[in-house]
Amino acid sequence: MSNNNEIDDILNELKNKRTDNDTKNNADKRADDFFYTFTPPEKTEKNTADQSLTFDLNFNDDNKTEKAAAFNESNNFEIINDSFRTSAQDDIETNEIYTQSPDDNDSGKKKAIIIAVAVVLIIAIAVGVFAFVKGKNKEEETKPSTTVITTAAPVQIVNPLTGEASFNEKAVGKRPVACVVENAYDARPQWGIDDNKNAPDIIMEGEVEGGETRMLWLYADYTSLPSQIGPMRSARPPFIKFSELFDSIFIHWGQSTSKGDYIGADAVFRNDDVDHINQMAYSDSVGLFGRDSSRGVSSEHTGVLYGEKLEQAIKESEFRTDADSSKLTKFSFNKEDKAVGTEACNAFALTFSSSSKTRDWTYNSEDKMYHCQDYRTDVTRKNLLVLYDTTEYITKYNYKGSGNSEIYCDYKLSGGNGKLVSLGTITSITWSVENGVIVIKDANGKNVNLNPGTTWIGYASSNHGGTDKNGTATAE
C-alpha cells in the first residue's frame, strides 16, 4: 500500500468512528491511539498547490467545564497531557483536525499530520522542562541550608606612644596631654616620674636657660595619670612646638613672654592656636592645681597637678579631645623586643650642650630596661632616643624689670642625626619633621622600630656642644 493510500485509510477510519456510540473513555483511548501510535509518513515532494491551513485544539463540546474540573484534580503533568488529548479528541469528533482549500489534495493532509506531530513534540518537551524545574525546586527546598559564621579578628588596643597592648579602650583615638615638669636639683625626685602604674609614656628632656634642663611628660591616656605630678613649671616655645608634633593638650604653670628679639611662649600659644591650661590664668573650679610644701624647699618647686582632676578640667575647657591622626607622631614598634643594632650598649651618657650637664643611663639585662639615678630616684625606660637639633641662644634684656638679662635656648626643629638605644644595643638614626610629625630612619633610609615600652627623648644641641657616649657613666 502506498503512503498516500495509507493516510487516506486512516482518515476514513476516523470519520467512520464519529458515529460510534462509545463512551467518553473510549473516545479518550482512540485519541491516545492516534497521537501516540501514529508514525509519520516519509517525506514527499511538496505540492505547489498547498494552501494555508489552521489547526484548532480548543475545547468545542458541551463538556468543557466538566473536563476542566476533572483536570484540576490531577497533577500538573496530567493536566497538560489530558488537556491536549481532550482538545484533540474534540477536534477529531468535529472533523476540525485541519481545514484546507477546495483542492483538498494529499499534500495538505500530510502537512496537517506533520503539524499535529510537531505539537505533540512541543508538548512533550514542555512537560520535560516542567518536570525538571519542579524537581530542581524540590531539591532546593529539601537541600539543608548552611550558615557561614565569620568572626572578625579582635582589634588590638595599643598605646600609640608606647606600642604596648592592654591600653584603655576608651582612650583610643583621643589626644595625649603634655605636662611641663621642672628638673632643678631642688625639684627632684619629681612627683610621678617613677609611678609604678602610670609613669609618663614619653619623657622629653631639653635645655631651657642657664644650662638647666626641663622635661615634658606625655601621656596617651589623660584619664590615667599619677595622683600627683610636679613640680609643674612654665612653658617655653620649643616645648610647645614639640608637643604639637603629638597633637597634645598642653598643661603648664606660667610661661615666658615676648620681649625685644625674644619670641615667648605667649606668642606661640596665640599664633599656633594651642589648646593649653595655664595655672596662672586658669579659674581652676575643679581643683586641678595645688602645692606640696612637704620637702621644705622654696615655693617655686612646690607646684603640683592632681592627675584625677585633669579629665574634668579638659571637659570644662571644651577642648577637642579626638586626636587628629595627621598631626600625631606615631613611632613604629616591634611586635616583640629585639636588638636595634649590632653594637652593644650597656651604659649610655648624653650631654645636651656645652652649657648643660650629662644624663647617665645603665642597662639591666634582667628587666631589659635602662636605669637612671640622676633624678634622685630610679627612673626606668625601655628606649633611649637622642635627637640632635640646631639651637640658638636668645638674650632677653631687662628680665622682669630687674635690669638683668636672661638667655633662652631655642630649638629649630630642623632635624638631624641621633641615636636609638634599646635592649643593650645602639644604632645611629636620622630624624626629621615631615607634615607635622617626627620621622625616624636608619642610615639606609628605612623606618626605625622602637621596642614596645616607655621612651626617654634626649633633645640635644647639634651646634653647641651636644654629645653622647656609649659605655660611659659619669656622676652629675
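Colleague: What's the story with the packing of aromatic side chains in this structure? I'm lost.
Modeller: Both the distance between ring centres and the angle between the ring planes are used here to describe each pair of aromatic rings. On inspection of all chains with the given rule, the structure shows 12 aromatic pairs. Arranged with centres 4.2 Å apart and planes meeting at 15°, the rings of Tyr-262 and Tyr-408 form a pair that is stacked. Of this pair, Tyr-262 sits in the loop between β4 (249-252) and α7 (265-272) while Tyr-408 is found in strand β16 (residues 406-411), placing the two residues 146 residues apart along the sequence. For Tyr-408, a relative accessible area of 4% corresponds to the buried category.

Colleague: Got a minute to help me understand the sheet that holds strand β10 (residues 347-351) in this structure?
Modeller: The strands that make up a sheet are held in pairs by hydrogen bonds between backbone atoms, and each pair lies either parallel or antiparallel. Across the sheet, which stays open at both edges, the 5 strands sit in the order β13-β12-β11-β10-β22 with antiparallel pairing between neighbours. Of all the strands in the sheet, just β13 (379-381) and β22 (467-470) have a single pairing partner and so form its edges. Each adjacent strand pair in this sheet contributes to an overall mean axis angle of 25°, direction not counted. Relative to strand β12 (residues 369-372), strand β11 (residues 358-364) runs antiparallel, the two sharing 3 bridges. Within the sheet, the bridge partner assigned to Asn-364 lies in β12 and is Met-369.

Colleague: It is not clear to me how the layout of surface pockets should be interpreted in this structure. Could you clarify?
Modeller: If a probe the size of a water molecule is rolled over the atoms, the empty space left behind becomes visible. The space that makes up the largest pocket amounts to roughly 530 Å³. Together, 27 residues line the largest pocket, and Arg-233, Ser-234, Arg-236, Tyr-399 and Lys-400 are the ones closest to its centre. When grouped by side-chain class, the residues that make up the lining of the largest pocket number 7 nonpolar, 10 polar and 10 charged. If you go around the second largest pocket, you meet 25 residues; those closest to its centre are Glu-164, Lys-197, Asn-198, Ala-199 and Asp-201. Sort the elements by how many residues they give to the lining of the second largest pocket and β13 lands first, with 3 residues.

Colleague: Explain the confidence of the model for the protein chain here, please?
Modeller: Reading predicted coordinates in detail is not appropriate for stretches of low pLDDT. With 66% of its residues at a pLDDT of 70 or more, the protein chain has an overall mean of 80. A low-confidence stretch, residues 21-104 (pLDDT under 50), is modelled with 108 contacts involving residues beyond four sequence positions or located in other chains.

Colleague: Looking at this structure, I do not really get the side chain of Glu-182. What am I missing?
Modeller: Examined against the element boundaries, Glu-182 turns out to sit in the loop between β1 (177-181) and β2 (202-207). By relative accessible area, Glu-182 is classed as buried at 3%. Polar contacts involving the side chain of Glu-182 include one to the side chain of Arg-233, which spans 2.9 Å. Discounting residues that sit within four places of it in the chain, Glu-182 has contacts with Ala-187, Gln-190, Arg-214, Met-215, Pro-231, Arg-233, Glu-300 and His-301.

Colleague: Hey, could you run me through the nonpolar core in this one?
Modeller: The nonpolar side chains of soluble globular proteins are, as a tendency, buried together. Membership of the largest hydrophobic core comes to 43 residues, with the highest contact counts inside it found for Ile-251, Leu-288 and Phe-289. Non-local contacts of Phe-289, meaning those with residues more than four positions away in its chain, are made with Met-232, Ile-251, His-252, Trp-253, Ile-277, Gln-279, Tyr-282, Asp-284, Val-304, Leu-305 and Tyr-306. Core analysis: the next-biggest nonpolar cluster, separate from the first, contains 39 residues, Phe-167, Ala-171, Leu-216 and Leu-245 among them.

Colleague: Would you mind going over the packing of helix α6 (residues 237-244) against α7 with me for this structure?
Modeller: A pair of packed helices can be characterised by two numbers: the angle between their axes and the separation between those axes. Contact geometry for α6 and α7: axes closest at 8 Å, N-to-C directions at 30°. Taken together, the axis directions place α6 and α7 in an arrangement best described as roughly parallel. Of the two elements, α6 crosses α7, and the hand of that crossing is right-handed. Note on element contacts: α7 touches α6 through Ala-265, Val-268, Phe-269 and Asp-272, opposite Pro-237, Ile-240, Lys-241 and Glu-244. Class assignment of the residues belonging to the contact of α6 with α7 gives a composition of 5 nonpolar, no polar and 3 charged.

Colleague: Just to check I follow, could you spell out the pattern of salt bridges for this structure?
Modeller: Opposite charge on two side chains makes pairing possible when the charged atoms of those side chains draw close. One pass over the full model with this rule turns up 14 salt bridges. A salt bridge links Glu-209 to Arg-236, with the nearest nitrogen and oxygen atoms 2.8 Å apart. Of the two residues, Glu-209 sits in the loop between β2 and β3 (213-219) while Arg-236 sits in the loop between β3 and α6, which places them 27 residues apart along the sequence. Overall, the relative accessible area of 12% leaves Glu-209 in the buried class. Of the residues examined, Arg-236 reaches a relative accessible area of 8% and is grouped as buried. Linking Asp-337 and Lys-382 is a salt bridge whose minimum nitrogen-to-oxygen distance equals 3.2 Å. You can see Asp-337 sitting in the loop between β8 (332-333) and β9 (343-344) and its partner Lys-382 sitting in the loop between β13 and β14 (383-389), a full 45 residues away along the chain. When salt bridges with common partners are traced through the structure, they connect Arg-175, Asp-247, Asp-275 and Arg-320 into a single cluster.

Cut-offs and rules
- Residues numbered from 1 in each chain as written.
- Predicted model: local features only at pLDDT ≥ 70, side-chain atom pairs only at ≥ 80, totals over all residues.
- Heavy atoms only, no water.
- Phe/Tyr/Trp six-rings, centres within 6.5 Å; stacked < 30°, edge-to-face > 60°.
- Helix = DSSP H or I, 4+ residues; strand = E, 2+ residues; numbered from the N terminus.
- Buried < 20%, exposed > 50% of the residue type's maximum accessible area, 1.4 Å probe, protein only.
- Pairing = 2+ DSSP bridges.
- Axes fitted to C-alpha atoms, helices over the stretch in contact; angles between N-to-C directions.
- 1 Å grid on protein atoms, 1.4 Å probe; cavity = no way out; pocket = protein on both sides within 12 Å on 5 of 7 lines; lining within 4 Å.
- Points joined across faces, edges and corners; volume = space filled by probe spheres on them.
- Nonpolar A, V, L, I, M, F, W, Y, C, P; charged D, E, K, R; others polar.
- pLDDT = per-residue confidence, 0-100.
- Contact = heavy atoms within 4.5 Å.
- Polar contact = N/O pair within 3.5 Å; in protein donor to acceptor, adjacent residues only side chain to side chain.
- Core = buried A, V, L, I, M, F, W, Y, C linked by side-chain atoms within 4.5 Å.
- Parallel < 35°, antiparallel > 145°, perpendicular 65-115°, else oblique.
- Left-handed = near helix turned anticlockwise from the far one by under 90°.
- Salt bridge = Lys/Arg side-chain N within 4 Å of Asp/Glu carboxyl O.

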